[in-house]
Amino acid sequence: MMDAWKATRQRQQIARMAGRNDGEKYAAWYLRQQGYTLLEQNYYLPYAEIDIIAQQQNTLVFVEVKHRSYLRYGRPGEFVTPAKQQKIRRAAQQYIQSHNIDYREYLFRFDVIEVIGAFTDGALPELNHIPNAF
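Here the structure is a predicted model, which is why all the values come from computation and not from measurement.

Trainee: Looking at this structure, I do not really get helix α3 (residues 82-98). What am I missing?
Mentor: Residues separated by three or four positions in an α-helix point in the same direction, a consequence of the helix having 3.6 residues per turn. Given a rise of 1.5 Å per residue, 17 residues ought to cover 24 Å, and the 24 Å separating the end C-alpha atoms of α3 matches this to within 8%. Inspection of α3 places Q85, I88, A91, A92, Y95 and I96 among the buried residues, and these make up the whole buried set. Along the axis of α3, the buried positions cluster into a sector of 140 degrees, meaning they face one direction only. Exposed positions of α3 whose direction lies more than 90 degrees from the buried face are P82 and Q97. Buried residues in α3 make contact with β1 (37-45), β2 (48-56), β3 (59-68) and β4 (107-116). Two residues or fewer past α3, N100 is found with a positive phi of approximately 50 degrees.

Right, dumping it as structure tokens:
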């Protein structure tokens, strides 16, 4: 009985995301559920943006979120091009330097979260977390 209540509550929380920033909010919610600590969202620099910066134990995780309603043109993760990856790496270096993070204390990882589908009628889109995507 408690599991059904919890699942319904989670669906309600996610449904509220639909009117806002959809895929990124869903990905942030998912990461929190998985025990990550969110440090930043939409970390913006003139040349790049990192959607989510999170921490999992001694690992800083830089996350690119890609949301597509359907797969007609390929999986969302396929749109994280080498050029985009390089921009995210540069932005991550800037984040690390500007926050005086000691390279010796942390591991660093670049993940992609694919969100596929629409937020409709309480239904949840598919979410695919790809650790160490690049």
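Trainee: Explain the nonpolar core to me, please; I cannot follow it from the model alone.
Mentor: Judged by nonpolar contacts, the single largest core of 17 residues is most densely connected at Y43, I50, I53, F62, Y95, F110 and F134. Those elements that provide at least two residues to this core are β1, β2, β3, α3 and β4. Counting residues in hydrophobic clusters, the runner-up holds 15 residues, among them A28, L31, V61 and I113.

Trainee: I keep staring at the packing of aromatic side chains and nothing clicks. Help me out?
Mentor: Centre-to-centre distance and the angle between the planes together describe a pair of aromatic rings. Under the definition given, this model contains seven aromatic pairs. Where F62 meets Y95, the ring centres are 6.1 Å apart and the plane angle is 80 degrees; that geometry is what we call edge-to-face. Within this pair, whereas F62 is found in strand β3, its partner Y95 is found in helix α3, the two being separated by 33 residues in sequence. Like F62, the residue Y95 is buried in the burial classification. With centroids separated by 5.7 Å and ring planes inclined at 65 degrees, the aromatic side chains of Y103 and F108 adopt a geometry described as edge-to-face. Classification of Y103 by relative accessible area gives partly exposed; the value is 48%. Judged by relative accessible area, F108 falls into the partly exposed class, the value being 27%. Each member of the aromatic cluster is reached from another via a ring pair, and the members are Y43, F62, Y95, F110 and F134. Sitting over the face of the ring of F79, R68 holds its NZ or CZ atom 4.7 Å from the ring centroid. We note R90 situated over the ring of Y47; from NZ or CZ to the ring centre the distance is 3.9 Å.

So, how was this worked out
- Residues numbered from 1 in each chain as written.
- Predicted model: local features only at pLDDT ≥ 70, side-chain atom pairs only at ≥ 80, totals over all residues.
- Heavy atoms only, no water.
- Helix = DSSP H or I, 4+ residues; strand = E, 2+ residues; numbered from the N terminus.
- Expected span 1.5 Å × (residues − 1).
- Buried < 20%, exposed > 50% of the residue type's maximum accessible area, 1.4 Å probe, protein only.
- Arc of directions from axis to C-beta.
- Contact = heavy atoms within 4.5 Å.
- Core = buried A, V, L, I, M, F, W, Y, C linked by side-chain atoms within 4.5 Å.
- Phe/Tyr/Trp six-rings, centres within 6.5 Å; stacked < 30°, edge-to-face > 60°.
- Lys NZ or Arg CZ within 6 Å of the ring centre and 35° of its normal.

Shape descriptors only; they carry no functional weight alone.
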